[in-house]
Amino acid sequence: MPPANAELHARKIAEVVVSAWHGADDSGRLDVPISVVATLAALPQADSRGNDVVELVSEWTVPELVAYFRHTWRSVIRSRPEVTHLVYPVISWIFDDSQASVHPHAHAVARAALDAGQPDLTGTDRRFDTDLLGQVLVLLRPKSALQARGQFYTPSDIAALLAGMSTVEEHCTVLDPMMGTGGMFRAAAAVMREQGRDPHTVSWVGCDIDETAVACATVNSMIWGLGRDIVFHAGDALTPDWETHARAQRDELRRLASGIERDQRLIAALTSM
(Lines give C-alpha, C1' and ligand atoms only; values in the text may rest on other atoms or scores of the structure.)
Protein backbone atom coordinates (compact mmCIF):
# COMPACT_ATOMS: atom_id res chain seq x y z
CA MET A 1 0.00 0.00 0.00
CA PRO A 2 1.30 3.49 -0.81
CA PRO A 3 1.95 5.87 2.10
CA ALA A 4 -1.15 7.80 3.15
CA ASN A 5 0.88 11.00 3.37
CA ALA A 6 1.29 12.50 -0.11
CA GLU A 7 4.74 13.93 0.65
CA LEU A 8 6.03 10.58 1.85
CA HIS A 9 4.51 8.84 -1.16
CA ALA A 10 6.15 11.33 -3.52
CA ARG A 11 9.47 10.77 -1.78
CA LYS A 12 9.11 7.01 -2.19
CA ILE A 13 8.33 7.34 -5.90
CA ALA A 14 11.22 9.76 -6.42
CA GLU A 15 13.66 7.41 -4.68
CA VAL A 16 12.72 4.36 -6.74
CA VAL A 17 12.70 6.38 -9.97
CA VAL A 18 16.19 7.74 -9.35
CA SER A 19 17.45 4.31 -8.30
CA ALA A 20 15.99 2.70 -11.42
CA TRP A 21 17.47 5.38 -13.66
CA HIS A 22 20.93 5.16 -12.13
CA GLY A 23 20.75 1.38 -12.42
CA ALA A 24 19.88 1.56 -16.10
CA ASP A 25 21.87 4.58 -17.26
CA ASP A 26 24.97 6.27 -15.90
CA SER A 27 25.02 9.23 -18.31
CA GLY A 28 23.81 11.72 -15.73
CA ARG A 29 20.89 12.80 -17.91
CA LEU A 30 17.92 14.39 -16.20
CA ASP A 31 15.48 14.69 -19.09
CA VAL A 32 14.52 11.03 -19.44
CA PRO A 33 13.51 10.18 -15.84
CA ILE A 34 11.85 13.58 -15.42
CA SER A 35 9.76 13.12 -18.57
CA VAL A 36 8.82 9.55 -17.62
CA VAL A 37 7.31 10.73 -14.33
CA ALA A 38 5.73 13.75 -16.05
CA THR A 39 4.10 11.57 -18.70
CA LEU A 40 2.82 8.99 -16.24
CA ALA A 41 1.14 11.86 -14.39
CA ALA A 42 -1.40 11.89 -17.24
CA LEU A 43 -2.62 8.43 -16.22
CA PRO A 44 -5.76 8.12 -14.10
CA GLN A 45 -5.84 5.82 -11.10
CA ALA A 46 -8.29 3.54 -12.93
CA ASP A 47 -9.66 3.34 -16.46
CA SER A 48 -13.28 3.95 -17.48
CA ARG A 49 -14.18 0.37 -16.52
CA GLY A 50 -12.60 0.63 -13.10
CA ASN A 51 -9.57 -1.48 -13.97
CA ASP A 52 -6.31 -0.75 -12.17
CA VAL A 53 -4.18 1.30 -14.55
CA VAL A 54 -0.93 0.06 -12.99
CA GLU A 55 -1.71 -3.53 -13.98
CA LEU A 56 -2.54 -2.50 -17.54
CA VAL A 57 0.41 -0.20 -18.19
CA SER A 58 2.92 -2.51 -16.49
CA GLU A 59 2.28 -5.02 -19.30
CA TRP A 60 3.23 -2.56 -22.05
CA THR A 61 6.31 -3.32 -24.10
CA VAL A 62 8.99 -0.71 -24.72
CA PRO A 63 7.49 0.34 -28.11
CA GLU A 64 4.01 0.55 -26.59
CA LEU A 65 5.25 2.77 -23.78
CA VAL A 66 7.09 5.09 -26.18
CA ALA A 67 3.98 5.25 -28.38
CA TYR A 68 1.96 6.33 -25.33
CA PHE A 69 4.57 8.98 -24.51
CA ARG A 70 4.40 10.39 -28.04
CA HIS A 71 0.62 10.35 -28.12
CA THR A 72 0.43 12.11 -24.75
CA TRP A 73 2.80 14.94 -25.64
CA ARG A 74 1.31 15.43 -29.09
CA SER A 75 -2.03 15.91 -27.35
CA VAL A 76 -0.52 18.38 -24.87
CA ILE A 77 1.18 20.39 -27.61
CA ARG A 78 -2.00 20.49 -29.71
CA SER A 79 -4.05 21.78 -26.80
CA ARG A 80 -1.34 23.94 -25.21
CA PRO A 81 1.03 25.06 -28.00
CA GLU A 82 2.26 27.97 -25.88
CA VAL A 83 4.11 25.61 -23.51
CA THR A 84 6.00 23.73 -26.24
CA HIS A 85 9.29 25.60 -25.76
CA LEU A 86 9.03 25.25 -21.99
CA VAL A 87 8.68 21.45 -21.91
CA TYR A 88 10.94 20.81 -24.90
CA PRO A 89 14.13 20.34 -22.81
CA VAL A 90 12.70 17.23 -21.17
CA ILE A 91 10.54 15.74 -23.94
CA SER A 92 12.65 16.18 -27.08
CA TRP A 93 14.16 12.70 -26.76
CA ILE A 94 10.70 11.15 -27.06
CA PHE A 95 10.42 12.28 -30.69
CA ASP A 96 14.06 11.75 -31.64
CA ASP A 97 14.54 8.33 -33.24
CA SER A 98 18.29 8.58 -32.68
CA GLN A 99 17.55 8.35 -28.93
CA ALA A 100 16.06 4.85 -29.20
CA SER A 101 18.87 3.43 -27.05
CA VAL A 102 17.37 5.07 -23.96
CA HIS A 103 13.88 3.65 -24.55
CA PRO A 104 14.52 0.46 -22.50
CA HIS A 105 15.94 2.62 -19.70
CA ALA A 106 12.82 4.80 -19.73
CA HIS A 107 10.75 1.62 -19.59
CA ALA A 108 12.64 0.51 -16.47
CA VAL A 109 12.00 3.87 -14.82
CA ALA A 110 8.32 3.71 -15.72
CA ARG A 111 7.98 0.24 -14.21
CA ALA A 112 9.61 1.46 -11.01
CA ALA A 113 7.26 4.46 -10.77
CA LEU A 114 4.23 2.26 -11.45
CA ASP A 115 5.32 -0.31 -8.88
CA ALA A 116 5.61 2.53 -6.36
CA GLY A 117 1.99 3.48 -7.12
CA GLN A 118 2.44 6.76 -8.94
CA PRO A 119 -1.13 6.76 -10.39
CA ASP A 120 -2.42 6.51 -6.81
CA LEU A 121 -0.77 9.90 -6.26
CA THR A 122 -0.80 11.83 -9.54
CA GLY A 123 -3.99 10.19 -10.78
CA THR A 124 -6.00 11.43 -7.79
CA ASP A 125 -6.61 14.69 -5.92
CA ARG A 126 -3.58 13.83 -3.79
CA ARG A 127 -1.49 15.35 -6.59
CA PHE A 128 -2.43 18.79 -5.23
CA ASP A 129 -0.62 18.05 -1.97
CA THR A 130 2.95 17.52 -3.17
CA ASP A 131 5.58 18.32 -5.79
CA LEU A 132 6.64 14.93 -7.12
CA LEU A 133 8.69 16.32 -10.02
CA GLY A 134 10.51 18.64 -7.64
CA GLN A 135 11.50 15.72 -5.44
CA VAL A 136 12.69 13.72 -8.44
CA LEU A 137 14.80 16.63 -9.68
CA VAL A 138 16.38 17.23 -6.28
CA LEU A 139 17.32 13.57 -5.90
CA LEU A 140 18.70 13.38 -9.43
CA ARG A 141 21.07 16.25 -8.72
CA PRO A 142 23.71 15.86 -6.01
CA LYS A 143 23.54 18.50 -3.26
CA SER A 144 26.89 19.86 -4.38
CA ALA A 145 25.51 20.46 -7.87
CA LEU A 146 22.43 22.22 -6.50
CA GLN A 147 24.56 24.48 -4.32
CA ALA A 148 26.92 25.24 -7.20
CA ARG A 149 23.93 26.35 -9.28
CA GLY A 150 22.53 28.38 -6.38
CA GLN A 151 19.41 26.21 -6.22
CA PHE A 152 17.67 25.85 -2.89
CA TYR A 153 14.16 24.44 -3.04
CA THR A 154 11.64 25.64 -0.48
CA PRO A 155 10.26 22.74 1.60
CA SER A 156 6.54 22.21 1.08
CA ASP A 157 5.66 22.99 4.70
CA ILE A 158 7.49 26.32 4.52
CA ALA A 159 5.83 27.11 1.19
CA ALA A 160 2.44 26.31 2.73
CA LEU A 161 3.19 28.58 5.72
CA LEU A 162 4.22 31.47 3.47
CA ALA A 163 1.19 30.99 1.22
CA GLY A 164 -1.11 30.90 4.24
CA MET A 165 0.21 34.29 5.36
CA SER A 166 -0.79 35.90 2.09
CA THR A 167 -4.13 36.44 0.38
CA VAL A 168 -4.35 35.43 -3.26
CA GLU A 169 -7.47 36.86 -4.81
CA GLU A 170 -9.08 35.63 -8.00
CA HIS A 171 -8.06 37.42 -11.23
CA CYS A 172 -4.78 38.61 -9.74
CA THR A 173 -1.15 37.91 -10.69
CA VAL A 174 1.16 35.72 -8.61
CA LEU A 175 4.83 36.32 -9.34
CA ASP A 176 7.81 34.16 -8.37
CA PRO A 177 11.08 35.21 -10.05
CA MET A 178 12.91 32.18 -8.59
CA MET A 179 10.16 29.60 -8.92
CA GLY A 180 12.16 26.37 -9.21
CA THR A 181 9.59 23.68 -9.95
CA GLY A 182 6.73 25.91 -8.81
CA GLY A 183 6.31 24.89 -5.17
CA MET A 184 5.12 28.33 -4.06
CA PHE A 185 2.47 28.31 -6.79
CA ARG A 186 1.20 24.93 -5.58
CA ALA A 187 0.96 26.20 -2.01
CA ALA A 188 -0.84 29.38 -3.07
CA ALA A 189 -3.32 27.39 -5.16
CA ALA A 190 -3.98 25.06 -2.22
CA VAL A 191 -4.80 28.03 0.01
CA MET A 192 -7.11 29.44 -2.65
CA ARG A 193 -9.02 26.16 -2.87
CA GLU A 194 -9.35 26.03 0.91
CA GLN A 195 -10.86 29.53 0.79
CA GLY A 196 -13.24 28.66 -2.04
CA ARG A 197 -11.30 30.55 -4.71
CA ASP A 198 -10.45 29.26 -8.19
CA PRO A 199 -6.72 29.06 -9.15
CA HIS A 200 -7.74 29.00 -12.83
CA THR A 201 -8.54 32.72 -12.59
CA VAL A 202 -4.98 33.67 -11.62
CA SER A 203 -2.08 34.68 -13.86
CA TRP A 204 0.92 32.65 -12.68
CA VAL A 205 4.18 34.37 -13.62
CA GLY A 206 7.50 32.67 -12.89
CA CYS A 207 11.14 32.58 -13.89
CA ASP A 208 14.09 30.31 -13.18
CA ILE A 209 17.54 30.03 -14.69
CA ASP A 210 17.26 26.22 -14.78
CA GLU A 211 15.37 25.13 -17.90
CA THR A 212 14.72 21.67 -16.45
CA ALA A 213 13.12 23.20 -13.37
CA VAL A 214 10.99 25.44 -15.62
CA ALA A 215 9.89 22.38 -17.60
CA CYS A 216 8.90 20.70 -14.33
CA ALA A 217 7.01 23.81 -13.21
CA THR A 218 5.16 23.86 -16.52
CA VAL A 219 4.07 20.23 -16.16
CA ASN A 220 3.22 20.90 -12.51
CA SER A 221 0.92 23.74 -13.56
CA MET A 222 -1.15 21.09 -15.36
CA ILE A 223 -0.89 18.53 -12.56
CA TRP A 224 -2.00 21.12 -9.99
CA GLY A 225 -4.76 22.60 -12.16
CA LEU A 226 -3.43 26.15 -12.26
CA GLY A 227 -5.23 26.95 -15.49
CA ARG A 228 -3.96 28.24 -18.82
CA ASP A 229 -2.74 31.73 -17.82
CA ILE A 230 0.87 30.60 -17.30
CA VAL A 231 3.74 32.97 -18.08
CA PHE A 232 7.00 31.12 -17.43
CA HIS A 233 10.50 31.99 -18.52
CA ALA A 234 13.76 30.02 -18.49
CA GLY A 235 16.48 32.58 -17.88
CA ASP A 236 17.89 35.14 -15.49
CA ALA A 237 15.24 37.00 -13.52
CA LEU A 238 17.60 39.99 -13.36
CA THR A 239 17.31 40.39 -17.13
CA PRO A 240 15.20 43.46 -17.91
CA ASP A 241 11.73 42.79 -19.30
CA TRP A 242 11.90 38.98 -18.96
CA GLU A 243 8.18 38.91 -18.14
CA THR A 244 7.32 41.00 -21.20
CA HIS A 245 9.44 38.69 -23.35
CA ALA A 246 7.77 35.59 -21.87
CA ARG A 247 4.27 36.97 -22.51
CA ALA A 248 5.15 37.90 -26.07
CA GLN A 249 6.60 34.45 -26.75
CA ARG A 250 3.52 32.74 -25.30
CA ASP A 251 1.13 34.88 -27.32
CA GLU A 252 3.13 34.38 -30.54
CA LEU A 253 3.05 30.59 -30.16
CA ARG A 254 -0.70 30.71 -29.62
CA ARG A 255 -1.11 32.89 -32.71
CA LEU A 256 1.01 30.58 -34.86
CA ALA A 257 -0.85 27.49 -33.67
CA SER A 258 -4.19 29.15 -34.37
CA GLY A 259 -3.02 30.04 -37.89
CA ILE A 260 -1.85 26.49 -38.58
CA GLU A 261 -5.15 25.05 -37.35
CA ARG A 262 -7.08 27.50 -39.54
CA ASP A 263 -4.98 26.61 -42.60
CA GLN A 264 -5.48 22.89 -41.95
CA ARG A 265 -9.27 23.35 -41.81
CA LEU A 266 -9.16 25.31 -45.04
CA ILE A 267 -7.07 22.64 -46.81
CA ALA A 268 -9.41 19.91 -45.55
CA ALA A 269 -12.42 21.82 -46.84
CA LEU A 270 -10.84 22.40 -50.25
CA THR A 271 -9.76 18.79 -50.69
CA SER A 272 -13.23 17.54 -49.84
CA MET A 273 -14.89 19.61 -52.57
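Quick look at the structure, then. (Residues numbered from 1 in each chain as written. Predicted model: local features only at pLDDT ≥ 70, side-chain atom pairs only at ≥ 80, totals over all residues. Heavy atoms only, no water.)

Structural notes on helix H11 (residues 183–194)
In this model H11 runs 17 Å from its N-terminal to its C-terminal C-alpha over twelve residues, within 8% of the 16 Å that 1.5 Å per residue would give. Listed as buried for H11 are Gly183, Phe185, Arg186, Ala187, Ala188, Ala189, Val191 and Met192. With its phi angle positive at about 80 degrees, glycine 196 sits one or two positions after the end of H11. (Helix = DSSP H or I, 4+ residues; strand = E, 2+ residues; numbered from the N terminus. Expected span 1.5 Å × (residues − 1). Buried < 20%, exposed > 50% of the residue type's maximum accessible area, 1.4 Å probe, protein only.)

A few points about the side chain of threonine 39
When you line up the elements, threonine 39 lands in helix H2 (residues 31–40). One polar contact links the side chain of threonine 39 to the main-chain carbonyl oxygen of serine 35, over a distance of 2.6 Å. (Polar contact = N/O pair within 3.5 Å; in protein donor to acceptor, adjacent residues only side chain to side chain.)

As for the environment of alanine 67
Tracing the chain through its elements places alanine 67 in helix H4 (residues 62–79). Assessed through its relative accessible area of 44%, alanine 67 is described here as partly exposed. Alanine 67 sits 27 residues away from isoleucine 94 along the chain, and the two C-alpha atoms are 9.0 Å apart.

Thoughts on the sheet that holds strand S2 (residues 203–208)
The sheet built from three strands is open, its strands ordered S1-S2-S3 with parallel pairing. Only two strands of the sheet have a single neighbouring strand rather than two, namely strand S1 (173–176) and strand S3 (230–234). Recorded for the sheet is a direction-independent mean angle of 5 degrees between the axes of neighbouring strands. The pairing of S2 with S3 spans five bridges and is parallel. If you follow cysteine 207 over to S3, its bridge partner there is histidine 233. Set on the sheet, H11 makes contact with S1, S2 and S3; between it and S2 the angle comes to about 160 degrees. (Pairing = 2+ DSSP bridges. Axes fitted to C-alpha atoms, helices over the stretch in contact; angles between N-to-C directions. Contact = heavy atoms within 4.5 Å.)

Examining the packing of H4 against helix H6 (residues 103–115)
Here H4 crosses H6 at 85 degrees, and the two axes come no closer than 9 Å. In this view, H4 runs roughly perpendicular relative to H6, as classed from their interaxial angle. Contacts between H4 and H6 involve Val62, Leu65, Val66 and Arg70 from the former and His103, Pro104, Ala106, His107 and Ala110 from the latter. Taken together, the residues that form the contact of H4 with H6 break down as six nonpolar, two polar and one charged. (Parallel < 35°, antiparallel > 145°, perpendicular 65-115°, else oblique. Nonpolar A, V, L, I, M, F, W, Y, C, P; charged D, E, K, R; others polar.)

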